[in-house]
Amino acid sequence: MVAENLKLVEEKIQAACDKVGRSREDVTLIAVSKTKPVSMLQEAYDQGIRVFGENKVQELVDKYEVMPKDIKWHMIGHLQRNKVKYIVDKVEMIHSVDSIRLAETIEKEAAKKNCIVNITVEVNVAQEDTKFGLKTEEVLPFIEEISKFKHIKVCGLMTIAPYVPDAEQNRPIFAVLKQLLVDIAAKNIDNVNVSMLSMGMTNDYEVAIEEGATMVRVGTGIFGERQYAH
Ligand SMILES: *Cc1c(COP(=O)(O)O)cnc(C)c1O
């Protein structure tokens, strides 16, 4: 099932790229494998997937231990400061940085492990109060402040768009995040080179790609519906 799903997702990514004249290589597919067993991750791996996204530290670390070492792990979920130390040297990128205190902790733990952590700043574009992330107007001062951290590399912006019946409804949200990225890039802040846009999930990744996403986070579309224990 994973193989067929991946084929479909791949076709849709290519179609979205074609539609707006973007190159397929400019979009990274992150296979969001949270709650799914390693057997399913292995199926995706066997199809050539090397980038996986998880939203819980313990689960990421457990899977990291048993899966092949050439996988790039992306932490996409809200991150508690006391858990940063478990993942700083294991992840390719942390997508969900939205506070100075969290950034300070990442800086401290990365310094200890002598590594540099790639991050995107989470922006709550839709201003939903159920979501984490900075307000759009907070992003520039935030990035200016964390640009001084030597062990953090600010790569771009991330958003979780609302769940909507029609993906077109999220197009303006993606457009706002893209514009914010362009505006911040134009500021030429020292040590900051932002070019990454992490936006788009199963329900809206094609629209996100049309609006400039460089990383799409697709879970259900690859692995099927998730079951959560209650
Ligand atoms: C779960 C999750 C996804 C994937 O969601 P799907 O709708 O299953 O594709 C993407 N981004 C984040 C931050 C998530 O937590």
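Residues numbered from 1 in each chain as written. Predicted model: local features only at pLDDT ≥ 70, side-chain atom pairs only at ≥ 80, totals over all residues. Heavy atoms only, no water.

*Asks:* Can you break down the nonpolar core residue by residue, with the values?
*Replies:* Of all hydrophobic cores here, the largest spans 70 residues; its most connected members are Phe52, Ile94, Ile143 and Leu157. Setting aside chain neighbours within four positions, we find leucine 157 in contact with Thr120, Val121, Val123, Val139, Ile143, Leu177, Leu180, Leu181, Met196, Leu197 and Ser198. Membership of the second largest hydrophobic core comes to 7 residues, among which are Val32, Val51, Met93 and Met215. (Core = buried A, V, L, I, M, F, W, Y, C linked by side-chain atoms within 4.5 Å. Buried < 20%, exposed > 50% of the residue type's maximum accessible area, 1.4 Å probe, protein only. Contact = heavy atoms within 4.5 Å.)

*Asks:* Requested: an account of the UniProt feature "modified residue: N6-(pyridoxal phosphate)lysine" (unreviewed entry) in the chain, with residues and values cited.
*Replies:* Cross-referencing UniProt, the feature "modified residue: N6-(pyridoxal phosphate)lysine" (unreviewed entry) maps to Lys34 in the present numbering. Excluding residues that lie within four positions of it along the chain, lysine 34 makes contacts with Gly53, Glu54, Asn55, Glu59, Lys63, Arg226 and Tyr228. (UniProt positions renumbered as here; feature names shortened; annotations may be inferred.)

*Asks:* Go over the environment of arginine 226, please, and point to the residues and values.
*Replies:* Checked against the element boundaries, arginine 226 lands in the segment after α9 (220-223). Residue classification places arginine 226 among the partly exposed positions, given a relative accessible area of 24%. For the pair arginine 226 and lysine 36, spaced 190 residues apart in sequence, the C-alpha to C-alpha distance is 7.5 Å. (Helix = DSSP H or I, 4+ residues; strand = E, 2+ residues; numbered from the N terminus.)

*Asks:* How would you sum up the UniProt feature "domain: Alanine racemase N-terminal" (unreviewed entry) in the chain? Please name residues and give values.
*Replies:* Mapped onto this structure's residue numbering, the UniProt feature "domain: Alanine racemase N-terminal" (unreviewed entry) falls at residues 23-226. End C-alpha to end C-alpha, residues 23-226 measures 31 Å, and it is 36% helix and 20% strand.

*Asks:* Residues and numbers for the packing of helix α6 (residues 136-146) against helix α7 (residues 171-186), please.
*Replies:* In helix packing, the relevant descriptors are the interaxial angle and the interaxial distance, both defined with respect to the helix axes. Here α6 crosses α7 at 30°, and the two axes come no closer than 11 Å. One element, α6, and the other, α7, form an angle in the roughly parallel class. The interaxial crossing formed by α6 with α7 has right-handed handedness. Contact residues: Thr136, Val139, Leu140 and Ile143 in α6; Val176, Leu180 and Ile184 in α7. A per-class count over the contact of α6 with α7 returns 6 nonpolar, 1 polar and no charged. (Axes fitted to C-alpha atoms, helices over the stretch in contact; angles between N-to-C directions. Parallel < 35°, antiparallel > 145°, perpendicular 65-115°, else oblique. Left-handed = near helix turned anticlockwise from the far one by under 90°. Nonpolar A, V, L, I, M, F, W, Y, C, P; charged D, E, K, R; others polar.)

*Asks:* Any details on the site of the ligand? Residues and values, ideally.
*Replies:* In the vicinity of the ligand, the contacting residues are Val32, Lys34, Ile76, Ile160, Met201, Thr202, Arg217, Val218, Gly219, Thr220 and Arg226. At a separation of 2.7 Å, an oxygen atom of the ligand approaches a polar side-chain atom of lysine 34. Take arginine 226: an N or O atom from its side chain is 2.8 Å from an oxygen atom of the ligand. Here the ligand has 390 Å² of accessible area as a free molecule, and 91% of this is covered by the chains. Considered class by class, the residues forming the shell around the ligand number 5 nonpolar, 3 polar and 3 charged. (Near = heavy atom within 4 Å. Polar contact = N/O pair within 3.5 Å; in protein donor to acceptor, adjacent residues only side chain to side chain. Areas by Shrake-Rupley, 256 points an atom, 1.4 Å probe, with all protein chains shown as cover.)

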